[in-house]
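Here are the chains, one letter per residue:
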Amino acid sequence: MKRIILTGGGTAGHVTPNLALIPKLQKEGWDVRYIGSKTGIERELIEEQKIPYYGISSGKLRRYKDIKNLTDPFKVLAGGAEALALIGKLKPDIIFSKGGYVTVPVVAAGWLRRVPVIIHESDITPGLANKLAFPFAKKICVNFPETLNYIPKEKGILTGTPIREELFQGKAEKGLKLCGFNDTKPILMMMGGSLGSVAINTVLRKALPALLPAFNIIHICGKNNKDESLENTRGYKQFEYVKEELPHLFAAADIFISRAGANSIAEILSMKKPNILIPLSARASRGDQILNARSFKKQGFSQVLEEENLTEETLIQMIKDTYRNRHQYIESMGKSKSANGIDIVMDLIRTQAKR
Ligand SMILES: CC(=O)N[C@H]1[C@@H](OP(=O)(O)OP(=O)(O)OC[C@H]2O[C@@H](n3ccc(=O)[nH]c3=O)[C@H](O)[C@@H]2O)O[C@H](CO)[C@@H](O)[C@@H]1O
């Protein structure tokens, strides 16, 4: 039986494409194993899939000053030794990495053990962890054509992003039921990336009195970000993080507000949901979401609201405009050539594997 090690972690964006691949790989008879960090979100998300999970030590590679910079290099080294031992024992035919700090020692160990490595980069500009990992990879899958400019020519391949098949099987009625909505108002859904977004949560909640007469609202607010005082508000439903509910909520939604994480926006595009993207600002990140969002705006798929301009008034106005022009956005998204990346990535895994 051919064996694959999947790796990726830190935030759900580095895990959900792997979740999309798992059922496909299993169907083709692969023995699937996962290496992630000991405590990251990937552990919970993958263990639920009943996949053997191996947690290794992991440290963040920061470009800024932090007391943890003193201890984290040792964790990275420990992670490297653990990964090397694991790969020696498991003898996989291939490693597929979705990025995140924990993957660097895994792909380096794979290279040392002569296991072919494929990396997937979701964002327009590669993250630091993936950049460090690129020399160890045979192939690098990308989600945006622009990304090919940032990686060695002979390694890059435009695949798009693997999207979980179940997302296409949602039922709007089930979504309405999950939220307890029983009128015909259009549904506005807000998803702040896998961790939620306190900045957007606050503004959306302030805008509720103006929005609720016109919309029912689904708010995915992130872990520990629920506002209990709003729990019984009619037409407003909060979730911290959703799993099997997500396809049904997607199906029910008429318009979306989202961060511009690469996976979220790939999903929104493939579900053709008119949307407003509020990218994570360049102060809090390397600015990758800003580029993701601009690319979507340029293609006519999205409206973009920069965090610097985010207020109740700008948000409400943009929601009204986007809803009014929804048919135009749906039409542009319908013309998009971006497809679910799952088939191309599966082909690549088959052709690059040792056996
Ligand atoms: C803060 C941070 O580092 N953000 C990065 C991270 O974002 P983040 O982890 O938020 O990534 P994405 O938006 O790409 O993906 C989130 C994934 O989680 C899923 N989901 C989310 C909420 C929920 O309740 N249930 C659920 O299943 C979404 O459907 C999606 O598949 O990785 C992205 C992809 O590299 C980057 O573009 C982001 O800049």
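Here is what the cut-offs are and how they apply
- Residues numbered from 1 in each chain as written.
- Predicted model: local features only at pLDDT ≥ 70, side-chain atom pairs only at ≥ 80, totals over all residues.
- Heavy atoms only, no water.
- Salt bridge = Lys/Arg side-chain N within 4 Å of Asp/Glu carboxyl O.
- Helix = DSSP H or I, 4+ residues; strand = E, 2+ residues; numbered from the N terminus.
- UniProt positions renumbered as here; feature names shortened; annotations may be inferred.
- Buried < 20%, exposed > 50% of the residue type's maximum accessible area, 1.4 Å probe, protein only.
- Near = heavy atom within 4 Å.
- Polar contact = N/O pair within 3.5 Å; in protein donor to acceptor, adjacent residues only side chain to side chain.
- Areas by Shrake-Rupley, 256 points an atom, 1.4 Å probe, with all protein chains shown as cover.
- Axes fitted to C-alpha atoms, helices over the stretch in contact; angles between N-to-C directions.
- Parallel < 35°, antiparallel > 145°, perpendicular 65-115°, else oblique.
- Left-handed = near helix turned anticlockwise from the far one by under 90°.
- Contact = heavy atoms within 4.5 Å.
- Pairing = 2+ DSSP bridges.

### Section: the pattern of salt bridges
Counting across every chain of the model gives 20 salt bridges. A salt bridge links glutamate 48 to lysine 243, with the nearest nitrogen and oxygen atoms 2.6 Å apart. Of this pair, glutamate 48 sits in the loop between α2 (41–47) and β3 (53–56) while lysine 243 sits in the loop between β10 (236–239) and α8 (246–252), and the two are 195 residues apart along the sequence. Counted as one network, the salt bridges with shared partners bring together Arg3, Asp31 and Arg33.

### Some remarks on the UniProt feature "domain: Glycosyl transferase family 28 C-terminal" (unreviewed entry) in the protein
The feature "domain: Glycosyl transferase family 28 C-terminal" (unreviewed entry), as annotated in UniProt, sits at residues 188–338 in this numbering. As annotated, residues 188–338 comprises 42% helix and 15% strand, and the C-alpha atoms at either end are separated by 24 Å.

### Overview of helix α9 (residues 262–270)
Three- or four-residue spacings in an α-helix give side chains the same orientation, since the helix completes a turn every 3.6 residues. For α9, the tally of buried residues reaches eight of nine residues, placing the bulk of the element in the interior. Taken together, the buried positions of α9 are Ala262, Asn263, Ser264, Ile265, Ala266, Glu267, Ile268 and Leu269. Where α9 terminates, the next one or two residues include lysine 272, which has phi positive at roughly 55°.

### Focus on the site of the ligand
Lining the immediate surroundings of the ligand are 23 residues, of which Thr11, Asp123, Val242, Ser264 and Glu267 lie closest. Within the side chain of aspartate 123, one N or O atom sits 2.5 Å away from an oxygen atom of the ligand. The separation between an oxygen atom of the ligand and a polar main-chain atom of valine 242 is 2.7 Å. Burial of the ligand by the surrounding chains reaches 90%, relative to a free accessible area of 760 Å². When contributions to the shell around the ligand are tallied by element, the ones reaching two or more residues are α9 and α10 (288–298). Sorting elements by how many residues they give to the shell around the ligand places α9 first, with four residues.

### Here we look at the packing of helix α1 (residues 16–27) against helix α13 (residues 342–352)
In the contact formed by α1 and α13, the axes pass within 11 Å of each other and the chain directions differ by 55°. When the axis of α1 is compared with that of α13, the two are oblique. In terms of crossing hand, the pair formed by α1 and α13 is right-handed. Contact residues: Ala20, Leu21, Lys24 and Leu25 in α1; Ile342, Val345, Met346 and Ile349 in α13.

### Notes on the sheet that holds β3
If you trace the seven strands from one edge of the open sheet to the other, you get β3-β2-β1-β4-β5-β6-β7, paired in parallel fashion. The sheet is open, and its two edges are formed by β3 and β7 (156–158), each paired on a single side. In this sheet, neighbouring strand axes are inclined to one another by 25° on average, regardless of whether the strands run parallel or antiparallel. Note: strand β2 (residues 31–37) against β3, four bridges, orientation parallel. Within the sheet, the bridge partner assigned to isoleucine 35 lies in β3 and is tyrosine 54.

### Some thoughts on the environment of alanine 133
Within the secondary structure, alanine 133 is located in helix α5 (residues 128–133). Once the C-alpha coordinates of alanine 133 and valine 107 are considered, the two residues, 26 residues apart in sequence, prove to be 6.5 Å apart. Every residue in contact with alanine 133, bar those within four places of it in the chain, is listed here: Val107 and Ile119.

### Here's the deal with the sheet that holds strand β12 (residues 275–277)
The sheet built from six strands is open, its strands ordered β10-β9-β8-β11-β12-β13 with parallel pairing. Here the strands that pair on one side only, and so sit at the sheet edges, are β10 and β13 (302–304). Averaged over neighbouring strand pairs, the angle between their axes works out to 15° when direction is ignored. Sheet topology note: the strand β8 (residues 187–191)/strand β9 (residues 216–220) ladder contains five bridges and is parallel. Note that in β9 the partner of methionine 191 across the bridge is isoleucine 220. Taken strand by strand, α10 contacts β12 and β13, and its axis lies near 130° from that of β13.

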